[in-house]
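So the chains spell out like this:
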Amino acid sequence: MLLVVPVLLLLFGLLAGYLHFGVPIERSRVAVPAADAEPPRVLQAYLDALAANDVSTQKALWVPGRWPDQYANRLRTVAAIDVGSFVSHPKPKPGEDVGADKGLSAYDERAQVGAQYSLVYWPLMGGDDKDSGRVTAESFLLVRADSKDPWRIWALGFYG
């Protein structure tokens, strides 16, 4: 009986730590693609970095200050990644650079890339655990100032 109480306290402490901190262990490093990499390759590297919990590469593949940090400490991995081809978009017109897109007009080139993937959360960490493992289809907007700059992710969502 004397042994049961300390064991229960230890288990409770471990569970509390798991629920609070998750398991944010970097499992591997993902290389940032070369500066001349096409948008689908950049997006593939980002999703691979999500799967590996490689936060530094995730941040490096977004336009500075725009990384959403939406999965921190909750995401176990990303599975079934399928990145599509990209569609180029013209430079934004004057007046189009408003709201959440403030600063978008600084980029002469932008590309829309679609991807399907499955987010797998740590148990009890995904908010709605029934969504863990469900295939998600998203569109990402990537931008660059000119053809010498690398493509970087601007946002998640459709831009016409």
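The present account deals with the structure reproduced in this document. Think of each chain on its own: its residues are numbered from 1, step by step along the sequence as written. Owing to the predicted nature of the model, reporting of local features is limited to residues with pLDDT of at least 70; listing and counting of side-chain atom pairs is limited to 80 or more, with chain, interface and lining totals taken over all residues. Calculation of side-chain values draws on the structure's entire complement of heavy atoms; hydrogens and water are dropped beforehand.

**Some remarks on the sheet that holds strand 1 (residues 75–89)**
Strand pairing in a sheet relies on backbone hydrogen bonds. The paired strands run either parallel or antiparallel. Only strands that DSSP links by at least two bridges are regarded as paired with each other. For helices the rule is a DSSP run of H or I covering at least 4 residues; for strands it is a run of E covering at least 2, with both sets numbered from the N terminus onward. Taken in spatial order, the four strands of this open sheet run 1-2-3-4, and their pairing is antiparallel. Lying at the two open borders of the sheet, with one neighbouring strand each, are strand 1 and strand 4 (152–156). Between one strand axis and the next, the sheet turns by 35 degrees as a mean value, whatever way the strands run. By definition, residues are in contact when any of their heavy atoms lie within 4.5 Å. Orientation is described by lines fitted to C-alpha atoms, with helices fitted over the stretch in contact, and by angles between N-to-C directions that extend from 0 to 180 degrees. The strands touched by helix 2 (residues 39–52) are strand 1, strand 2 (109–121), strand 3 (135–144) and strand 4; relative to strand 1, the strand with the most contacts, the crossing angle is about 165 degrees.

**Considering the packing of aromatic side chains**
Two aromatic rings from Phe, Tyr or Trp, using only the six-membered ring of Trp, form a pair when their centres are within 6.5 Å; if the ring planes differ by under 30 degrees the pair is stacked, by over 60 it is edge-to-face, and anything between is tilted. Scanning the model with the defined rule gives four aromatic pairs in all. Centroid distance tyrosine 46 to tryptophan 62: 5.8 Å. Interplanar angle 75 degrees. Geometry classified as edge-to-face. A residue pair is termed long-range when its members are at least 10 positions apart, and tyrosine 46 in helix 2 and tryptophan 62 in the loop between helix 3 (55–60) and strand 1 qualify at 16 residues. Burial status follows relative accessibility: with a 1.4 Å probe on protein chains alone, a residue under 20% of its type maximum counts as buried, one over 50% as exposed, and anything between as partly exposed. With a relative accessible area of 3%, tyrosine 46 lands in the buried category.

**A few points about the environment of alanine 155**
Tracing the sequence through the fold places alanine 155 in strand 4. With a relative accessible area of 8%, alanine 155 lands in the buried category. It is 7.2 Å that separates the C-alpha atoms of alanine 155 and leucine 142, two residues lying 13 residues apart in sequence. With sequence-adjacent residues up to four places away left out, alanine 155 is seen in contact with Trp62, Arg66, Ser139, Phe140 and Leu141.

**Observations concerning the nonpolar core**
Ranked by size, the top nonpolar core spans 26 residues in total, and within it Leu43, Tyr46, Leu47 and Phe140 carry the most contacts. Of all the elements in the fold, those that place two or more residues in this core are helix 2, strand 1, strand 2 and strand 3. To qualify as a nonpolar core, a set must consist of buried Ala, Val, Leu, Ile, Met, Phe, Trp, Tyr and Cys residues joined through side-chain atoms within 4.5 Å. Grouped together as the second largest cluster of nonpolar side chains are seven residues, Val63, Leu104, Val143 and Trp154 included.

Read these as spatial facts, not as claims about activity.
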